[in-house]
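Coordinate inspection notes
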Amino acid sequence: MLVCLRGFIISMSETYGLVNDGLVVFDDTTGLIEDVVEWDERDSVKCDLIEGNEYALVMPGLINTHTHVPMLILQGLGAGLTGFDWLRKIWCVEGLLRPEHVYISAKASILLMLENGITTFADHYFYEEEVVRAVEELGVRGVLAKTVIEYSEHAPKHSIEDSINFAMRFRGIANDRVRTMLGVHAMYSCGTETLLKAVEYSQKYGVRIHMHFSESLHELEYVRDKYGRTPTSLAEELGILKTKPLLAHATYLSNEDIETLSKHKVYVAYSPFTIMSWGQDIARVSDLVEKGVTVSLATDGPVTDGDLSLFKQMKLAIAAQSSRYKTPIKLQPREVLEMVTKKAAESLGIDDLVGILEPGKKADIIVLKPPKTRLVGLRDNPFTTVVFNLGDESVNDVYVDGKKIISNKTLLRINIEKLHKQLVDTRTKLFEEAIVCDR
Ligand SMILES: [Zn+2]
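The model shown is predicted, which means the values in this text are computed figures rather than measured ones. (Residues numbered from 1 in each chain as written. Predicted model: local features only at pLDDT ≥ 70, side-chain atom pairs only at ≥ 80, totals over all residues. Heavy atoms only, no water.)

As for the coordination of the zinc ion
We count it as follows: For Na, K and Ca the donor cut-off is 3.2 Å, and for all other metals it is 2.8 Å, counting N, O and S atoms only; because water is absent from this set, sites may look incomplete. For a four-donor site, all angles between 85 and 135 degrees give tetrahedral; for four or six donors, opposite pairs above 155 degrees with the remaining angles between 65 and 115 give square planar or octahedral; all remaining cases count as irregular. What counts as a helix is a DSSP run of H or I of at least four residues, what counts as a strand is a run of E of at least two, and both are numbered from the N terminus. Here the term buried applies to any residue with accessible area under 20% of the maximum for its type, exposed to any over 50%, and partly exposed to those in between, with areas from a 1.4 Å probe on protein chains only.
At the metal site, the zinc ion is ligated by His66 (NE2), His68 (NE2), His212 (NE2) and Asp300 (OD), and these contacts range over 2.1 to 2.4 Å. Coordination at the zinc ion is irregular: its 4 donor atoms span angles of 85 to 171° at the metal. Mapping the donors of the zinc ion onto the primary sequence gives the spacing H-x1-H-x143-H-x87-D. Residue His66 is located in strand 5 (residues 62-67), and its partner His212 is located in strand 9 (residues 209-213); the two are separated by 146 residues in the primary sequence. By relative accessible area, His66 is classed as buried at 0%.

As for the sheet that holds strand 12 (residues 294-297)
Heads up, the condition is: At least two bridges found by DSSP between two strands is the condition for calling them paired. Under this scheme, a helix contributes an axis fitted over its contacting stretch, all axes are lines through C-alpha atoms, and angles between N-to-C directions fall in the 0 to 180 degree range.
The parallel open sheet is built from 8 strands, whose spatial order is 5-6-7-8-9-10-11-12. The open sheet has two free edges, formed respectively by strand 5 and strand 12, since each of these has just one partner strand. In this sheet, adjacent strand axes meet at a mean angle of 25° when their direction is disregarded. As paired elements, strand 7 (residues 141-148) and strand 8 (residues 178-184) share 7 bridges and run parallel to each other. Bridged to Gly142 within strand 8 is Val178.

Let's talk about the packing of aromatic side chains
To describe a pair of aromatic rings, one takes the distance between the centres and the angle between the planes. Stated formally: Here the aromatic set is Phe, Tyr and Trp, taking the six-membered ring for Trp, and pairing holds for ring centres within 6.5 Å; pairs whose planes are under 30 degrees apart are stacked, those over 60 apart are edge-to-face, and all others are tilted.
Per the stated rule, a full pass over the model turns up 7 aromatic pairs. Ring geometry for Phe166 versus Phe170: centroids 5.0 Å apart, planes at 50°, classification tilted. Taken as a pair, Phe166 and Phe170 lie in helix 4 (residues 160-170) at a separation of 4 residues, close to a single helical turn. Taken together, a centroid distance of 6.3 Å and an interplanar angle of 45° make the contact between Tyr201 and Tyr205 tilted.

Observations concerning the domain arrangement of the protein chain
Interfaces are frequently sized by the accessible area removed from exposure as the parts join. For the record, the criterion: Reported domain spans reflect what an automatic or database domain assignment gives. Contacts are residue-level and defined by heavy atoms, with any inter-residue pair within 4.5 Å sufficient. Here's the idea: put two parts together, see how much 1.4 Å probe accessible area each one loses, and the total over both is what we call buried area. Salt bridge criterion: a side-chain nitrogen from Lys or Arg within 4 Å of a carboxyl oxygen from Asp or Glu. Polar here means any residue outside two lists: the nonpolar Ala, Val, Leu, Ile, Met, Phe, Trp, Tyr, Cys and Pro, and the charged Asp, Glu, Lys and Arg; Gly therefore counts as polar.
Domain assignment breaks the protein chain into domain 1 (2-60 + 355-411) and domain 2 (62-347). Taken over C-alpha atoms, the centre of domain 1 sits 29 Å from the centre of domain 2. Contact with domain 1, which involves 27 residues of that partner, is made by 29 residues of domain 2. The largest per-residue losses of area from domain 1 upon contact with domain 2 belong to Met12, Val387 and Asp392, which jointly make up 24% of the total buried on that side. Connecting domain 1 to domain 2 are 3 salt bridges. Between Arg141 and Asp364 there is a salt bridge whose closest N-O contact spans 2.7 Å. At the level of elements, strand 4 (49-60), strand 13 (365-368), helix 15 (382-389), strand 14 (395-400) and strand 15 (403-407) are the ones that each hand at least two residues to the side of domain 1 that touches domain 2. It is helix 15 that provides the largest number of residues to the side of domain 1 that touches domain 2, a total of 5 residues. In terms of residue class, the side of domain 1 that touches domain 2 is made up of 19 nonpolar, 3 polar and 5 charged.

Below, the structure is given as structure tokens:
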């Protein structure tokens, strides 16, 4: 069936740009976009179904480039702690996690992200096979990695071989809705032998590395004390940077570090809330962007920041960068919208599939229907209107791979009440066991 979505189209494509009142046309069987046309040209396409109206907004589904969806079950844990103190607490409870915790929690996070207009996410966790199962079932798109942590006595032990085996086994499944990466937790939690093996496997099998990187002062000091250099310099020496990794956070960077990251054309996933709420500095995102590094936005895991909202991260990114550089609107609304669509897809290596609306791309599309009072400036300043005026509650319909997953704000595939009860019951039992972590 040929489905046509009507609205103000923000395609994020160079070719199709903005369409004041138009249609995005896709085939719900192949899941591919076939055309983007003006409403006045609607006779040129044979729509079987037209949805939306002239007040709706039609955009690419949002892409979250760094999270840990199974952590929803840990929400609130470690409140008030930061850095390595927070990690020690989290790692202890993570040692008690079993695959069923991961599965239920991943499902709950994915549904929350879908409600917030996020159709793709890059994840990094233990028992990641359970996240694959949740992705397959719920129809979302995921770029998934199995995490390796060596220096935690409690965290589940996956080896770098487990991580590459996972990546090779699951990449391309579910009609290519699952892609994979190698999951290295960080340079402060893995030894050089593992890091070097990650580089070797990345190059041998063409699987990129997704890792936390230079996120906190603790990490900066740890790497300096142990290796006598900055995290960037160490990553370059170990060969990590030449694999074009996806680096989460990149908070602490010298001018020389930024030049190095630019030279290697790495990808940075920026989650302003996580790092600022830990009391760390604001990352030098604008300097990275000016030097040609591709930066995308991410929510990080839903422990301290449980809403999994990229609309919030977009606003925060602009505010944080303006404050950091003492310049009004240092990052432009259009740039941050690219960071959750086009640039995010490039960062995950899935720009052949998604990130923009144009013929040949997958129909991962969101339809927004905000109150009209929030759209007064839409036609003059569309990017400003979307980024500053709209939020998760504007998301009305969500399509992934041409299949409708949310219709009129209602999830179509799952009994959310039943899942919520399972999540709360499982969490209660887990936290009873977790009393050992307070001793
Ligand atoms: Zn993270």
